[in-house]
Each structure stands twice: as structure tokens, then as C-alpha cells.
Amino acid sequence: MGIFSRTRDIVAANMAELLDRADDPAKMVRIIILEMEETLVEVRASAARTIADQKEMRRHIQKLADLEANWTEKAELALSKGREDLAKAALVERRKAADMGAQLRAEVTLLEDALRSSEEDIAKLQSKLREARAKQNAIATRLESANTKARLREMWNGPKTHEAFSRFEVLERRADEAEGRAEAMGLAPRSLDEEIEGLRSSDKIDAELAALKARLNKEG
């Protein structure tokens, strides 16, 4: 895919910068995750081969150690029988086995270093992969939020909303007209404040009527 060429490129990568430069961050992060996963598989496969090579070399080292011990016994036997020539030849073979064993042990050490490096690379790749997946989740959340806002704006400004408000306005006008007709016919229901104020006005009229009757009686 061309984004990363080596494990070190992935480890050194700045996810934020890569996504900021991308025209489509969601697509870019998917590509990055895919390449990281493929690289992680390759590194793990390489580590598995290294472990297998180590085991095979250790088996050879053990065989060479057994062979070295065998030639030592043969050299001792030949020397005990007075065959110094055979003893010397056995020691030569023992030296060959020892040298091969030393060489394999050195290679095992190199493989151990390579395996440790692979384990470190795997840990770093896993960390970067978690970071990329977190970025992916964050982008997905932002996109979902933006889409939700867009849908809400579309609903608010859409024809259905305007139609609904138009219907409300029509109903309000009809209610106003009905109330106006009821008031004109004297059928409008009186509020609690109006009822109480009516009682107060009635009391005043009754008092004025009583006062007027009393004055007329005195004059008569």
C-alpha cells in the first residue's frame, strides 16, 4: 500500500500528522490499520521461524556435545592400548565437533538477540495498532456526531417541519376565531379572577342600593 515500508516506519509514524494530511481520514486510518496488522503478522511469523531455528540448533549442539564426549572416550581407549596415532586422530575429530558446537552456540546467541528485537518490535507494533484503532474510533464518533447534527438540521429546516408549523399556526388561528365568537356571544368562560371580581362588584352594588333605600325612607 506504500504508507509504511518497514517496522521502524510504523513505530516512528505520527498518526495525527498522517491523518491531518489525509483527504479522507477515515479511509486513511483503515489503510494504516490494515498495513500494521499485516506487518505484525510478518514479524510474528519471523519470530516463530527464529524460535524454530533456535530449537534445531540446540538439538545439533547437543548432538555435537555427545559426539565430542564420544571421541574423548575413543581417544582415551586408543591411548590406553598404546595407539597414540589413533588417540591423536580421535582428538582431531573431537576438536572438529567442539568447533562446530561453538559456532552453533554463537549463532544461537545471535538468534536470541534477533528474537528479543522481534519481541520489542511486536510490542511497539501492538502499541501503535492500539493507537490507530483509538484514532479510528474517535473519527467514527466524530463522523456519527456530524451526521446526526446534519440530519437534525435537515429535519429542522426541511419541508416537513415547516409544514408542521404551518399547521400549528392554522390551528392557533382557528382557536382564536372560536374564542372570539364565544366572547362575542357572551359565552366565553370567565376566569377565576373575573369571577371573584364579579362578586366584589355585586357587593358594591348591593351596598349602594341599600344606602339609596335608607335615604329615600328618611326623606319620605
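Residues numbered from 1 in each chain as written. Predicted model: local features only at pLDDT ≥ 70, side-chain atom pairs only at ≥ 80, totals over all residues. Heavy atoms only, no water.

### Looking at the overall build of the protein
The condition is simple: For the purposes of this entry, the term helix denotes a DSSP run of H or I that reaches at least four residues, the term strand denotes a run of E that reaches at least two, and both are numbered from the N terminus. Note on contacts: a residue pair is in contact if any heavy atoms of the two residues lie within 4.5 Å. All accessible-area figures derive from a Shrake-Rupley calculation using a 1.4 Å probe, and residue coverage is judged against the displayed protein chains alone.
Scanning the protein for helices and strands turns up six helices and zero strands. Of the contacts formed within the protein by residues at least 6 apart in sequence, a portion of 74% connects residues at least 24 apart. For the protein, the exposed area adds up to about 16,800 Å²; of that, 54% sits on carbon and sulfur atoms.

### So, the pattern of salt bridges
Selection rule: Put simply, a salt bridge is a Lys or Arg side-chain nitrogen that is within 4 Å of an Asp or Glu carboxyl oxygen. Here the term buried applies to any residue with accessible area under 20% of the maximum for its type, exposed to any over 50%, and partly exposed to those in between, with areas from a 1.4 Å probe on protein chains only.
Inspection of the entire model under this criterion finds seven salt bridges. Note that Glu37 is salt-bridged to Arg133, the shortest N-O span being 2.7 Å. With a gap of 96 residues between them, Glu37 in helix α3 (residues 25-80) and Arg133 in helix α4 (residues 84-157) connect regions that are remote in the sequence. The class for Glu37 is partly exposed, based on a relative accessible area of 30%. Classification of Arg133 by relative accessible area gives partly exposed; the value is 37%. Between Arg95 and Asp99 there is a salt bridge, with its nearest N and O atoms 3.4 Å apart. Here the residue Arg95 and the residue Asp99 both occupy positions in helix α4, the gap between them amounting to four residues, near one helical turn.

### Quick word on the side chain of Thr39
So the rule is basically this: Under this definition, polar contacts are N or O atom pairs within 3.5 Å; protein pairs additionally need one hydrogen-donor-capable and one acceptor-capable atom, and for neighbouring residues in sequence, both atoms have to be side-chain atoms.
Within the secondary structure, Thr39 sits in helix α3. Within the structure, Thr39 has its side chain in polar contact with the backbone oxygen of Glu35 (distance 2.8 Å). Non-local contacts of Thr39, meaning those with residues more than four positions away in its chain, are made with Thr7, Ile10 and Leu125.

### Points about the nonpolar core
The condition is simple: What we call a nonpolar core is a set of buried Ala, Val, Leu, Ile, Met, Phe, Trp, Tyr and Cys residues that are connected through their side-chain atoms within 4.5 Å.
Counting residues in hydrophobic clusters, the biggest one holds 20 residues, and the most contacted among them are Phe4, Met15, Leu18, Ile32, Met36 and Ala132. In terms of residue count, α3 provides more of this core than any other element does, eight residues in total. Grouped together as the second largest cluster of nonpolar side chains are seven residues, Leu64, Leu104, Val108 and Leu111 included.

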